[in-house]
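Notes for the structure review
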Amino acid sequence: MTSHRIPGWLRGQVRDGVAGVAAQGITAATSLLVQLVAAVSLGLSQYGVFAVLLAMLVGANALYIGFVCDSFTVFDRHEPRYRAALVSAALLVAALCVSGALVLALTFSGGGIRLAVPYALLVGSKLAAETVRRLFVVRVSFRALLLNDACSLVVTALALPVLLGVSGEPTPEVLLGSMCCGAFAAVSLGLWQLPGSEWRGLRPGVTELPGLARFAVWRALQSGLRPLTLLAARLSVAGLISTAAVGVLELARLVVAPVQVVINGSGSLLLGKLAARERGGDPRDPRLIGRAAGSLCGGTVAAGLLSAVLALLLAPPLFGRSVDAGAVFGWVGYLALWAAGLPYATELVTRRMSRAVFLPRLLDSVMGLAVATTALSLGAPVAALPWALALGGGYAAYRLRTLVRSEPSPLAAEPGISRAR
């Protein structure tokens, strides 16, 4: 009997794994599509503004995922009190992120209300779409996730020419509007695919919100630290040099952007798997985490270098402008160090040790941002920024590895642990 069951189980695992990786690839393609259109059609200064707005979107998304989505991965989202607390947390964090998006668009971009409104709508719809995505992840429904992400890509791609035809010229508003269309479509399809028990009868409540926040605040800070550091770095470049310099920096980052999305997706997939193992009482093996870190770091270097070489050859005919080689390879190093520490950070999160993860990440970010700002102030080229940001990555990876190997797991002794998908 066992000999017949194991192959079917393995086939299911393989199908889910392939679907999960494919979904991350589609997510990367959706982001890359819009950014490529922006890189080709916008001037460097406009592209710099667009890049700062996208950085704010990524930062808001990270804060929301850390506070809300990772919470319903670790806590029991079906238990009524925790369910109500999760609804309250989602509404509160989403409102703060949308408000911040409005302020940034009105004060920094210079586009006025015409740009601020679609940007705020995009932030809100992206947070809703990410909630749906993470529900699929925690349910280990990767084939449904794949369909959802494919819908977002197709609708975004179809909306682009339509909005361009209406506008008559490529503008940041058109690009943001096409992304809004994709996010709205993904939310609609996702709600149709999910069972009603996941999204019907949602009501806010605050009884368990303080207990939830003790985990979620540190997790959100840790998750949002890196994207918000990158946002601060872009704003520093815009202030110290120009928005056109931000455009130069973003062209280089665009080369390795798909690699970054896959790294982030791998972290999300790993979080769900490790949380399930922890809830099931499976023994932890730090060597497995170490092998995951080595594989992810090595794969990042290989994929990043290949992307860099191809981009340096193809950028002039594709973009009509060259890409800064120093900045490209700087981003590869930055991502490699981030990938090396990600599995260790994810393992600690499943033990609800987000506070312990936060300090190494904070020192990493503060060090990199301080060095980058100082270098730019002294006249260093913009290509120095990713190299400077990467300086703290080695320390963070080492410290997180040490914590994984030395700290016991407090998870089994704490209430509110999710016991069901």
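Residues numbered from 1 in each chain as written. Predicted model: local features only at pLDDT ≥ 70, side-chain atom pairs only at ≥ 80, totals over all residues. Heavy atoms only, no water.

Labelled according to an unreviewed UniProt entry, the protein chain appears under the name Membrane protein involved in the export of O-antigen and teichoic acid, originating from Actinopolyspora alba.

Here we look at the overall build of the protein chain
If you tally the helices and strands in the protein chain, you get 13 helices and 0 strands. Helices and strands appear in the protein chain in the N-to-C order α-α-α-α-α-α-α-α-α-α-α-α-α. Looking at the protein chain residue by residue over its 421 residues, the buried ones come to 51%. Within the protein chain, contacts between residues separated by at least 24 positions form 84% of all contacts whose residues are at least 6 apart in sequence. Within the structure as shown, the protein chain displays about 17,800 Å² of accessible surface, and the carbon and sulfur contribution to it stands at 69%. (Helix = DSSP H or I, 4+ residues; strand = E, 2+ residues; numbered from the N terminus. Buried < 20%, exposed > 50% of the residue type's maximum accessible area, 1.4 Å probe, protein only. Contact = heavy atoms within 4.5 Å. Areas by Shrake-Rupley, 256 points an atom, 1.4 Å probe, with all protein chains shown as cover.)

Observations regarding the environment of Ala-315
Turning to its location among the elements, Ala-315 is positioned in helix α9 (residues 286–319). In the structure, Ala-315 is positioned 63 residues away from Ala-252 in sequence and 9.8 Å away in space, judged by C-alpha atoms. Residues contacting Ala-315, with those up to four places away along its chain left out, are Gly-320, Arg-321 and Val-323.

A few points about the nonpolar core
If you look at the biggest cluster of nonpolar residues, it comprises 97 residues, and the most contacted ones within it are Phe-50, Tyr-119, Trp-331 and Leu-385. If you tally residues by element for this core, the top one is helix α2 (residues 44–74), at 18 residues. Counting 10 residues, the second-largest nonpolar core is a separate cluster that includes Ala-293, Ala-345, Met-353 and Leu-400. (Core = buried A, V, L, I, M, F, W, Y, C linked by side-chain atoms within 4.5 Å.)

Details of the packing of aromatic side chains
As enumerated under the stated definition, the model contains 3 aromatic pairs in all. Geometrically, the ring pair formed by Phe-75 and Phe-215 is edge-to-face, given 5.6 Å between the ring centres and 65° between the ring planes. Of this pair, Phe-75 sits in the loop between α2 and α3 (80–109) while Phe-215 sits in helix α7 (residues 209–240); the two residues are 140 residues apart in sequence, bridging distant segments of the chain. Clustering of aromatic rings is evident, with ring pairs tying together Phe-75, Tyr-82 and Phe-215. (Phe/Tyr/Trp six-rings, centres within 6.5 Å; stacked < 30°, edge-to-face > 60°.)

Remarks on the pattern of salt bridges
All told, the structure shown has 10 salt bridges when counted by the stated rule. Here Glu-198 and Arg-139 are joined by a salt bridge, their closest N and O atoms 2.9 Å apart. With Glu-198 in the loop between α6 (172–193) and α7 and Arg-139 in the loop between α4 (112–138) and α5 (142–167), the pair connects residues that are 59 residues apart, well separated along the chain. The exposure class of Arg-139 is partly exposed, given its relative accessible area of 27%. Three or more residues are tied together by salt bridges with common partners; here these are Glu-130, Arg-133, Arg-134 and Asp-149. (Salt bridge = Lys/Arg side-chain N within 4 Å of Asp/Glu carboxyl O.)

Considerations on the packing of α2 against α6
Geometry of a packed helix pair, given as the angle between the helix axes and the separation of the axes. At a closest axis distance of 10 Å, the pairing of α2 and α6 adopts a crossing angle of 30°. In terms of orientation, α2 lies roughly parallel with respect to α6. Note on packing geometry: the crossing formed by α2 with α6 is right-handed. Every residue of α6 that contacts α2 at Gln-46, Phe-50, Leu-53, Leu-54 and Leu-57 is listed here: Pro-172, Leu-175, Leu-176 and Met-179. Here the contact of α2 with α6 is composed, by residue class, of 8 nonpolar, 1 polar and no charged. (Axes fitted to C-alpha atoms, helices over the stretch in contact; angles between N-to-C directions. Parallel < 35°, antiparallel > 145°, perpendicular 65-115°, else oblique. Left-handed = near helix turned anticlockwise from the far one by under 90°. Nonpolar A, V, L, I, M, F, W, Y, C, P; charged D, E, K, R; others polar.)

Some words on α4
The end-to-end C-alpha distance of α4 is 39 Å, a good match for the 39 Å that 27 residues give at a rise of 1.5 Å each. Judged by how many residues are buried, α4 sits mostly within the fold: 19 of 27 residues are covered. Val-140 occupies a position one or two residues after α4 and carries a positive phi of about 55°. (Expected span 1.5 Å × (residues − 1).)

So, the layout of surface pockets
Space inside the second largest pocket adds up to approximately 450 Å³. Those elements giving two or more residues to the lining of the second largest pocket turn out to be α2, α3, α4 and α6. (1 Å grid on protein atoms, 1.4 Å probe; cavity = no way out; pocket = protein on both sides within 12 Å on 5 of 7 lines; lining within 4 Å. Points joined across faces, edges and corners; volume = space filled by probe spheres on them.)

Here's the deal with a nonpolar patch on the surface
On the surface, a cluster of nonpolar side chains totalling about 590 Å² of accessible area is made up of Leu-306, Val-309, Leu-310, Leu-313, Leu-314 and Leu-318. Structurally, Leu-313 can be placed in helix α9. Taking the relative accessible area as the measure of exposure, Leu-313 reaches 62% and is therefore exposed. (Patch = residues over 30% accessible without salt bridge, like charges linked within 9 Å, V, L, I, M, F, W, Y side chains within 5 Å.)

Comments concerning the packing of α2 against α7
In the contact formed by α2 and α7, the axes pass within 8 Å of each other and the chain directions differ by 165°. Looking at the two axes, α2 sits roughly antiparallel to α7. The chirality of how α2 crosses α7 is right-handed. Each residue belonging to the contact of α2 with α7 can be placed in one class, and the counts come to 19 nonpolar, 5 polar and 3 charged.

Structural notes on the environment of Leu-362
For Leu-362, the location among the structural elements is in helix α11 (residues 354–377). Given the relative accessible area of 28%, Leu-362 is considered partly exposed. C-alpha of Leu-362 to C-alpha of Gly-392: the two residues are 30 residues apart in sequence and 9.4 Å apart in space.

Quick look at the state of the cysteines
Throughout the structure, instances matching the rule amount to 0 disulfides. For the unlinked cysteine Cys-181, the closest cysteine sulfur is that of Cys-180, found at 6.9 Å. (Disulfide = S-S within 2.5 Å.)

Description of α6
In this model α6 runs 32 Å from its N-terminal to its C-terminal C-alpha over 22 residues, within 8% of the 32 Å that 1.5 Å per residue would give. In terms of burial, α6 is largely enclosed, as 16 of its 22 residues are buried.

A look at the environment of Thr-27
Note that Thr-27 resides in helix α1 (residues 2–41). Once you skip the residues sitting within four places of it in the chain, Thr-27 turns out to touch Arg-133, Asp-149 and Val-261.

Things to note about the side chain of Ser-125
Relative to the elements of secondary structure, Ser-125 occurs in helix α4. Ignoring sequence-local partners within four residues, the contact set of Ser-125 consists of Cys-180, Ala-183, Phe-184 and Val-187.

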